[in-house]
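# Structure at a glance
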Amino acid sequence: MFDYHMHSDFSADCETPMEDTIESAIDKGLSEICFTEHIDYEYPDPTIEFDLDLEGYREKIQEVQAKYKDKISIKKGVEIGVQPYLLDQYKVLMKEESFDFVICSMHTTEKKDLHSGDFFKNKTVDEAYEIYYQELLECVKHFDQFSILGHLDLVKRYSKERSPHLFHELISEIFKVIIPRGQGIELNTSGHKYGLPTGMPSSDILKLYKEHGGEILTLGSDSHVAETVGYDFKDSLELFESIGFKYITTFDNMKPTFHKIADIK
Ligand SMILES: [Zn+2]
Ligand SMILES: [Zn+2]
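Residues numbered from 1 in each chain as written. Chains lettered and ligands numbered in written order. Predicted model: local features only at pLDDT ≥ 70, side-chain atom pairs only at ≥ 80, totals over all residues. Heavy atoms only, no water.

## Structural notes on the coordination of the zinc ion (ligand 1)
- Coordination of the zinc ion (ligand 1) by the protein comes from Glu79 (OE), His107 (NE2) and His151 (NE2), over a distance range of 2.1 to 2.2 Å.
- The sequence motif formed by the donor residues of the zinc ion (ligand 1) is E-x27-H-x43-H.
- Separating the zinc ion (ligand 1) from the zinc ion (ligand 2) is a distance of 3.5 Å, and glutamate 79 supplies a donor atom to each of them. Taken together, the positions of glutamate 79 in strand β3 (residues 73-81) and histidine 107 in the loop between β4 (101-105) and β5 (108-109) put the pair 28 residues apart, joining distant regions of the chain.
- A residue is classified by how much of its surface remains accessible, and glutamate 79, at 1% relative accessible area, is buried.
- Assessed through its relative accessible area of 12%, histidine 107 is described here as buried. (Donors = N, O, S within 2.8 Å, 3.2 Å for Na, K, Ca; no water. Helix = DSSP H or I, 4+ residues; strand = E, 2+ residues; numbered from the N terminus. Buried < 20%, exposed > 50% of the residue type's maximum accessible area, 1.4 Å probe, protein only.)

Here it is as structure tokens:
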């Protein structure tokens, strides 16, 4: 089993030492994990700076890879927080630093924080969803240096009410851009913890992804504490199979490897 979304104290919003999370993953029998520390350029909340100490991170990953090499495989990933006007900065980052795996996430839309609710002010819920997906589409059209899209429908987590609409047309536009380029999506199982009925994205979007021929799929707990590593993975694999997915994906130096779900269940 593989967990491809987790944070350690290299992320500004997390205080968990890497070792704690690694040991929890070993205890739970995971064979591979990927740290995906935050980089969010120009995050709107001035009290938190989502910058990453790239050199320290590189060294720490090498250290834990060596320390735990007989027990678990550890990959070096990153979760970048995109907005259309920041893409050039991320292109520079990708030139300067190499990662095994890159999650492209949108935590901020129209330069406004989703988390604080700022983005939702003076909008109907439908307007908010529409703008969120439009902006994400804009990002993927102009930026291709990532492996998967993180928590694709994050807008649902922070909106006070849920839109009755599915926005499949817009989400399909996103899939039509990323799937031919060999990029995928994750199922982020932290959705449950935050009161959503499912992980992110919801299963209608997973089905839509399958209908568009999407094959690259990772599973991530988005852990910020050691205990939640591998959260809800058994049920998630069942869900994948029920939709018709046969493989989940891991990455090495940005190259995907496919693992049969039937073999790891
Ligand atoms: Zn995120
Ligand atoms: Zn995350």
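## Points about the sheet that holds β4
- Strand order in the open sheet formed by 7 strands is β1-β2-β3-β4-β7-β8-β9, and the pairing between neighbours is parallel. In this open sheet, the two edge strands, each paired with only one partner strand, are β1 (2-3) and β9 (217-220).
- Bridge count between β3 and β4: 5 bridges; the pairing is parallel. Pairing of glycine 77 across the sheet is with phenylalanine 101, part of β4.
- On top of the sheet, helix α2 (residues 54-67) reaches β2 (32-39) and β3; it is set at about 155 degrees to β3, its chief contact. (Pairing = 2+ DSSP bridges. Contact = heavy atoms within 4.5 Å. Axes fitted to C-alpha atoms, helices over the stretch in contact; angles between N-to-C directions.)

## Observations regarding the coordination of the zinc ion (ligand 2)
- The protein atoms donating to the zinc ion (ligand 2) are His5 (NE2), His7 (NE2), Glu79 (OE) and Asp222 (OD), with metal-donor distances spanning 2.1 to 2.3 Å.
- The coordination sphere of the zinc ion (ligand 2) comprises 4 donor atoms, whose angles at the metal cover 82 to 172 degrees; the geometry is irregular.
- In the primary structure, the donors to the zinc ion (ligand 2) are separated according to the pattern H-x1-H-x71-E-x142-D. (Tetrahedral: all angles 85-135°; square planar, octahedral: opposite > 155°, others 65-115°.)

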